Amino acid sequence: MRKGMFYGLLFTAPAILGFAIFTLGPMIASLVLSLTNYNVFKEQTAFTGLDNYMRLFSGEDELFYKSLGITFYFVVLRVPAVILLSFGIALLLNLNVKGRAIFRTIIYLPSIVPAVASAMIWMWLLNPDLGLINSLLSRLHLPTSNWLYGEGSVIPSVVLTTLWGIGSTVIIFLAGLSGIPRQYYEAIEVDGGGWFRKLSHVTVPMVTPTIFFNTIMTIIGSFQVFNEAYILTQGGPNNQSLFYVFYLWRTGFRDAEMGYASALAWILFVIILFFTFIVFRTSKSWVYYEGGDRA
Amino acid sequence: MFIIPFVWLIRSSLMNLSQIFTMPPEWIPKPFQWGNFHKALTVLPFDIFFKNTLIIVVTVLVGTVITSSIGAFGFSRIPWKGRDAVFAVLMTSMMLPAAVTMIPSFLGWQAIGFYDTLYPLIVPAYFGGGIFNIFLLRQFYLSIPRDFDEAAYVDGANYWQIYTRIIFPLSRSAIIVVALFSFLASWNDFMGPLIYLKSDKWFTLALGLQMFQGTYTAQWDLLMAASATVVLPCVIVFLAGQRYFLEGITLTGLKG
């Protein structure tokens, strides 16, 4: 076909321009900003080299380490919970039960609820004095909790509220499960293997690419949690839920320290790249591809 | 587990305060307090928030569908040198945390005088419509047999005609998925409006609800009625298009 180059560029121009204007440009600008002391309220902006990064790593900014630690804690708690729970639910939904489509819809529904609205619902369900959850617990004579208002319980509570929205992870697992050929199970049935043998010898190995994909996406998403921090806790109590992106937002938009906040953003980027890279590297040993060993 | 919070939301939005706090909890409102909705939606200018949200959702949806499908066409059905390499570069933006581009984007919009307007929330949709949507549509276009457009090309059709008369109509279901994703994303967006909007007159429902929470903290009946109002359109739109929606996610899950 003639004039492919011209038309190709014409059709993709909005996307390429968009990338240049809204991704590449801001990325470079952010890197430059991170090397300055730009503050909206200060008159003078100076190029300060690596000062922002030095300040971050020197330990002078305690909140940096604190928010980093809290975010790691959240990621470590949330990623396995999301993966195990959504895989479990997907296994259940993959059984040939009646009304599968309805269950699928019910599981997916919470993940389309706007963050503010779902935060509102959970703030109340978890309210220590008036909430449904504590009232149920106390009626069952089980210990109650301060949930979002307790220093020790706030992060697990936030993890709990985000688990409500795992629908899309479940759906992706279901897609992976539906791609497993029947013959593999039949082969095990012929050998007299039961449910557990099917799970460990066929289902799990065959679904490892999906586990891999979901793990990467969940890690990337968990590091960037913001809405929950802003709406549910505002970083409290006593900074115990000072999530990294919330701290970044506060530094940049409330304290107007935009140079410093840009440095924070780049550190987050490097951290996310690092963990994605690690999962990619280890994936070679545990992700199974039917068509060969491409990773 | 997944449904109880919804039920709790709906029942609480239709109760008065004293019934809400009855222990043990009651599940059926008596009588139904339909007035909660009226009260909740009039104490703050929710009609303005709704109008703003609607403007954003509709214009973003149009922009997203048009530019992402055009882009996907250019990245799948037109052969040109360097095409796949350019696409791969664009795909990297999916890995980039929003936090990295947030501050310069904000400063840029402010510099050209569009801070506290709806433009920063709308205009980007007209520049590619999001790489994820392009990716989704491209996957779909790649599965359409090449013979169709080659036959049309031989008959003298140009790329624009192939796109508008063959590929776009053939990909109705994938387009619906993109439209749904776009609707939900801009209806639910919180961080964008939070950063770019300052005056109440531009607030969206998500911001309005957050503001409502700050002002009427103890009015759980009204809070729940307002929340239900924000959730409901999402649920309706989802239920209307769920067949395509779940298929679309399955598609990306499989071929991702």
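Below is a short write-up of the structure.

Turning our attention to the interface of chain B and chain A. Many analyses report the size of an interface as the accessible area lost when the parts associate. Opposite the 84 residues of chain B that make contact, chain A presents 75 residues. Both faces combined, the contact of chain B with chain A buries some 7100 Å², and carbon together with sulfur accounts for 84% of it. For the interface between chain B and chain A, the tally reads five residue pairs in polar contact (both at pLDDT 80 or more). Tallying contributions element by element places helix H14 (residues 220-255) of chain B first for the side of chain B that touches chain A, with 17 residues.

A few words on helix H5 (residues 83-91) of chain B. Every buried residue of H5 of chain B is accounted for by Arg 83, Phe 87 and Leu 90 of chain B. Along the axis of H5 of chain B, the buried positions cluster into a sector of 60°, meaning they face one direction only. On its buried side, H5 of chain B packs onto helix H1 (4-33) of chain A together with helix H4 (46-76) and helix H8 (131-142) of chain B.

Moving on to the packing of H1 of chain A against helix H10 (residues 159-170) of chain B. Between two packed helices, what matters for the description is the angle formed by their axes and the separation of those axes. Running from N to C, H1 of chain A and H10 of chain B point in directions that differ by 50°, and their axes come no closer than 11 Å. Taken as axis vectors, H1 of chain A and H10 of chain B run oblique relative to one another. Between H1 of chain A and H10 of chain B, the residues in contact are Gly 4, Tyr 7 and Phe 11 of chain A and Tyr 159, Trp 160 and Tyr 163 of chain B, respectively. Grouping the constituent residues of the contact of H1 of chain A with H10 of chain B by class yields five nonpolar, one polar and no charged.

What follows covers the pattern of salt bridges. Residues and elements named next belong to chain A. The full count for this structure, using the stated rule, is seven salt bridges over all chains. Glu 186 is the partner of Arg 182 in a salt bridge, and the nearest nitrogen-oxygen pair spans 3.9 Å. With a gap of four residues between them, Arg 182 and Glu 186 both fall in helix H9 (residues 182-190), about one helical turn apart. On the accessibility criterion, Arg 182 (48% relative accessible area) is partly exposed. By relative accessible area, Glu 186 is classed as partly exposed at 38%.

The next point concerns the layout of surface pockets. Residue and element names in this part refer to chain A. Its boundaries defined by the atoms lining it, the second largest pocket holds a volume of some 710 Å³. Lining the second largest pocket are 22 residues; nearest its centre among them are Leu 91, Asn 94, Leu 95, Arg 100 and Leu 177. Across the lining of the second largest pocket, the residue classes break down as twelve nonpolar, five polar and five charged.

Here is what the cut-offs are and how they apply
Residues numbered from 1 in each chain as written. Chains lettered and ligands numbered in written order. Predicted model: local features only at pLDDT ≥ 70, side-chain atom pairs only at ≥ 80, totals over all residues. Heavy atoms only, no water. Contact = heavy atoms within 4.5 Å. Buried area = accessible area lost by both parts, 1.4 Å probe. Polar contact = N/O pair within 3.5 Å; in protein donor to acceptor, adjacent residues only side chain to side chain. Helix = DSSP H or I, 4+ residues; strand = E, 2+ residues; numbered from the N terminus. Buried < 20%, exposed > 50% of the residue type's maximum accessible area, 1.4 Å probe, protein only. Arc of directions from axis to C-beta. Axes fitted to C-alpha atoms, helices over the stretch in contact; angles between N-to-C directions. Parallel < 35°, antiparallel > 145°, perpendicular 65-115°, else oblique. Nonpolar A, V, L, I, M, F, W, Y, C, P; charged D, E, K, R; others polar. Salt bridge = Lys/Arg side-chain N within 4 Å of Asp/Glu carboxyl O. 1 Å grid on protein atoms, 1.4 Å probe; cavity = no way out; pocket = protein on both sides within 12 Å on 5 of 7 lines; lining within 4 Å. Points joined across faces, edges and corners; volume = space filled by probe spheres on them.

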